[in-house]
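Each chain, written out:
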Amino acid sequence: MSGVAAVYLDYAATTPVDPAVAEAMRGCLTLEGDFGNSGSTHAPGAAAAARIARARTQVATLIGAADEEIVFTSGATESNNLALLGIAHANADRGRHIVTMRTEHKAMLDPCRHLEKSGFTVTYLTPARSGLIEPAAVAGALRPDTLLVSVMYANNETGVLQDIGAIGALCRERDVTFHSDCAQAAGKVPLDVRSLPVDLLSFTAHKLYGPKGIGALYVARRAQPLLRAVSFGGGQERGLRPGTLPTHQIVGFGVACELAQVALHTESARLAGLRERLWEGLASLGEVYLNGAGAARVPGILNLSFGGVEGESLIAGVAGLAVSTGAACNSETREPSYVLRALGRDSRLAESSLRFSLGRFTTAPDIDYAVTTVRQEVVRLRALSPAASVSRGGAIDPEAWVAAQKGSGRVVTGEAGGADLGTWVRFQLLVDGLRVKDARFQALGCPHTLDAAAWLCEQLPGRTRERLIPGVPAVWAASRSVPAEKLGRLLIVEDALLACLARWA
Ligand SMILES: *Cc1c(COP(=O)(O)O)cnc(C)c1O
């Protein structure tokens, strides 16, 4: 694999394209291949149209749909938008209320927010600690003006599977349209719209070894009169999603769906076994919390919160693994995962969480590497925490330290911050006469905090009380490449030095 990461365990973010998919796509691109416009009446056009028709059947078959119930889109984000906005705008005269969950993907929450700005009301249900929503809670949220309920099948962070059969059934009883985001479920667990009361269903190729940029919205026959297009053009996809069809993408999606369906049962058993191996390897660390415990989950996802470690340090420490995190450092919003927060995890545990997602090319040695890497890092970080007696930089017993210096000097200690702030620093200065002879520190914090404290310890020996602190945090930040938004943590480091100064009377 190219890139830095040694082991890829982020299949829930995206998957590589299966070699057979890449091969099929290649046949639709160049002059020798089926590159034509499927809307053209000549032979190349007809060849492309035939390829697309076959792929449509492959895609429809994966979920038990009829060919004409599949609308190709650019992916699950667009499918969700088309479902939600298309139903809302076409039926606003009947009602303006929508029910969904707080733990949905942003590709559902953001279009909901958009609708709220144009006069719709959205109820966001909170799941139980397991991540599950009670069908009764959905029933209780329905109003006479409810147009649409949208509940995802498999959650992308925890893998938790909702009871969409029961939820769909109660929607049907009340004549409310039911949509489900199945991006993480399609091709991973059995999914058959002939037995599931779902009206609209989103899925995407790149989560099941197809290419990025292609997905589908299943629109049940009975729901078709309720859905209106949100973009306009040449009338393709029965006008619901116009634009020249991307033959290579659709053909790749089709092959991917067929492969996923053929392998579904053996693959899900294999992944469940690997996931169990991972869980057993990590659970024995203690203070490891399984997110989504008590709920049925897709076989490939394991989401764990690690107690007693700081999130950003954990993520930095497992850089050889490509996994997703619930921590601020990696997410664009710089907030702990809202999904884990909705399950009742406090922000500290939400930030020190890792989502391992396994897939087709994951092997037992990959899992063993992950277990070793994460175990080593969690053990190391827990040893650094203030509750532990081991320190980074060595001795902490002042008497022993002074004794080692042949009895001369004394130790000045200053600390600042706290575990609740995610940053804590303690400096110990061995002071002899007017100068610092040696400096040590202990810290809990992000890698930048640890680096700055270690660097300061190198600067301190030889300094007098008057000139103890070498410059100001903004300058340290510049010389140690600390991002501007982390400056607050360096202020805690400075506070710890100021505390030393106050004690060094
Ligand atoms: C990945 C994902 C999406 C977005 O799919 P795209 O094809 O990338 O637009 C939406 N919902 C869920 C649950 C997902 O996992």
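**Notes on the overall build of the protein**
Next up, step 1: Counting its secondary structure elements, the protein contains 15 helices and 16 strands.
Next up, step 2: Projected onto its principal axes, the C-alpha coordinates of the protein cover approximately 95 × 55 × 40 Å.
Next up, step 3: Taken across its 505 residues, the protein has 54% of its residues classed as buried.
Next up, step 4: Partitioning the intrachain contacts of the protein with sequence separation of at least 6 by distance along the chain shows that 70% fall at a separation of at least 24.
Next up, step 5: Taking the average place of the 50 positive charges on the side chains of the protein and the average place of its 49 negative ones, the gap between the two points comes to 3 Å.

**Structural notes on the environment of tyrosine 153**
Next up, step 1: Structurally, tyrosine 153 can be placed in the loop between β5 (146-150) and α6 (164-173).
Next up, step 2: Along the chain, tyrosine 153 and cysteine 182 lie 29 residues apart, while their C-alpha atoms are 5.4 Å from each other.
Next up, step 3: Dropping the residues within four chain positions of it, tyrosine 153 is found in contact with Val160, Leu161, Gln162, Ile164, Ser180, Asp181, Cys182, Ala185, Val189, Pro190 and Leu191.

**What about the sheet that holds strand β3 (residues 97-101)?**
Next up, step 1: Reading across the sheet, the seven strands line up as β2-β8-β7-β6-β5-β3-β4 and stay open at both edges, with mixed pairing between neighbours. Each end of this open sheet is capped by a strand with a single partner; those strands are β2 (70-73) and β4 (121-125). Across the sheet, the mean angle separating the axes of adjacent strands is 20° when strand polarity is ignored.
Next up, step 2: Inspection of the sheet shows β2 paired to strand β8 (residues 215-219) by four bridges, in the antiparallel sense. Bridge pairing links isoleucine 70 to tyrosine 218 in β8.
Next up, step 3: Sheet strands in contact with helix α7 (residues 247-283) are β2, β7 (200-204) and β8, and its direction is about 100° off that of β7.

**Details of the nonpolar core**
Next up, step 1: With 58 residues, the main nonpolar core has Phe306, Phe356 and Phe427 as its most contacted residues.
Next up, step 2: If you count residues domain by domain, this core takes at least three from each of domain 2 (265-385) and domain 3 (388-503).
Next up, step 3: Those residues in contact with phenylalanine 306 that lie beyond four places of it in its chain are Leu282, Leu285, Glu287, Val288, Leu314, Leu349, Ser352, Leu354, Val374, Val378 and Arg382.
Next up, step 4: Core analysis: the second largest hydrophobic core is formed by 57 residues, Val99, Ile167, Leu201 and Phe203 among them.

**Quick word on the sheet that holds strand β15 (residues 423-432)**
Next up, step 1: Across the sheet, three strands lie side by side as β14-β15-β16; this open sheet has antiparallel pairing. What marks the edges here is a single partner per strand, and that holds for β14 (410-418) and β16 (435-444). If you compare each strand with its neighbour and ignore which way they point, the axes differ by 15° on average.
Next up, step 2: Pairing geometry for β14 and β15, over nine bridges, is antiparallel. What sits directly across from glycine 417, in β15, is tryptophan 424.
Next up, step 3: Each of β14 and β15 is contacted by helix α15 (residues 487-503), which is oriented at about 145° to β14, the strand it contacts most.

**Section: the site of the ligand**
Next up, step 1: Close to the ligand lie 13 residues; Thr77, Asp181, Gln184, Thr204 and Lys207 are nearest.
Next up, step 2: Interatomic distance of 3.0 Å between a backbone N/O atom of alanine 76 and an oxygen atom of the ligand.
Next up, step 3: One nitrogen or oxygen atom from the side chain of threonine 204 is found 2.6 Å from an oxygen atom belonging to the ligand.
Next up, step 4: Coverage of the ligand by the protein amounts to 87% of the 380 Å² it exposes when considered alone.
Next up, step 5: Its residues placed into classes, the shell around the ligand shows four nonpolar, seven polar and two charged.

**With respect to helix α1 (residues 19-26)**
Next up, step 1: Those residues of α1 that sit buried are Val21, Ala24 and Met25. Viewed end-on, α1 has its buried residues packed into an arc of 100°, placing them on one side of the element.
Next up, step 2: If you follow the buried residues of α1, they end up packed against α2 (43-62) and α7.
Next up, step 3: Where α1 starts, the residue carrying a side-chain oxygen 3.0 Å from the main-chain nitrogen of alanine 20 turns out to be aspartate 18.

**Focus: the packing of helix α13 (residues 447-459) against α15**
Next up, step 1: Where α13 meets α15, the axes come as close as 9 Å, and the angle between the chain directions of the two elements is 35°. For the pair α13 and α15, the sense of crossing is right-handed. Where α13 abuts α15, its residues Thr449, Ala452 and Leu456 lie against Arg489, Leu490, Val493 and Leu497.
Next up, step 2: Considered class by class, the residues forming the contact of α13 with α15 number five nonpolar, one polar and one charged.

**Notes on the environment of leucine 349**
Next up, step 1: Along the polypeptide, leucine 349 turns up in helix α10 (residues 347-351).
Next up, step 2: Apart from the residues lying within four places of it in its own chain, the contact partners of leucine 349 are Tyr289, Ser305, Phe306 and Gly307.

**A few points about the domain arrangement of the protein**
Next up, step 1: You can read the domains of the protein as domain 1 (19-260), domain 2 (265-385) and domain 3 (388-503).
Next up, step 2: Using C-alpha coordinates to define each centre, domain 2 is positioned 32 Å away from domain 3.

**What to know about the packing of aromatic side chains**
How two aromatic rings sit relative to each other is set out by the distance from centre to centre and by the angle between their planes.
Next up, step 1: Tallied over the entire structure, the rule returns five aromatic pairs.
Next up, step 2: Chaining the aromatic ring pairs together yields one cluster made of Tyr8, Tyr11, Tyr209 and Phe361.
Next up, step 3: Against the face of phenylalanine 120 rests arginine 96, its NZ or CZ located 4.9 Å from the ring centre.
Next up, step 4: The aromatic ring of tyrosine 124 is capped on one face by arginine 113, whose charged end is 4.6 Å from the ring centroid.

How each quantity is defined
Residues numbered from 1 in each chain as written. Predicted model: local features only at pLDDT ≥ 70, side-chain atom pairs only at ≥ 80, totals over all residues. Heavy atoms only, no water. Helix = DSSP H or I, 4+ residues; strand = E, 2+ residues; numbered from the N terminus. Buried < 20%, exposed > 50% of the residue type's maximum accessible area, 1.4 Å probe, protein only. Contact = heavy atoms within 4.5 Å. Lys, Arg positive; Asp, Glu negative; His and termini not counted. Charge placed at Lys NZ, Arg CZ, Asp CG, Glu CD. Pairing = 2+ DSSP bridges. Axes fitted to C-alpha atoms, helices over the stretch in contact; angles between N-to-C directions. Core = buried A, V, L, I, M, F, W, Y, C linked by side-chain atoms within 4.5 Å. Domains from an automatic or database assignment. Near = heavy atom within 4 Å. Polar contact = N/O pair within 3.5 Å; in protein donor to acceptor, adjacent residues only side chain to side chain. Areas by Shrake-Rupley, 256 points an atom, 1.4 Å probe, with all protein chains shown as cover. Nonpolar A, V, L, I, M, F, W, Y, C, P; charged D, E, K, R; others polar. Arc of directions from axis to C-beta. Left-handed = near helix turned anticlockwise from the far one by under 90°. Phe/Tyr/Trp six-rings, centres within 6.5 Å; stacked < 30°, edge-to-face > 60°. Lys NZ or Arg CZ within 6 Å of the ring centre and 35° of its normal.

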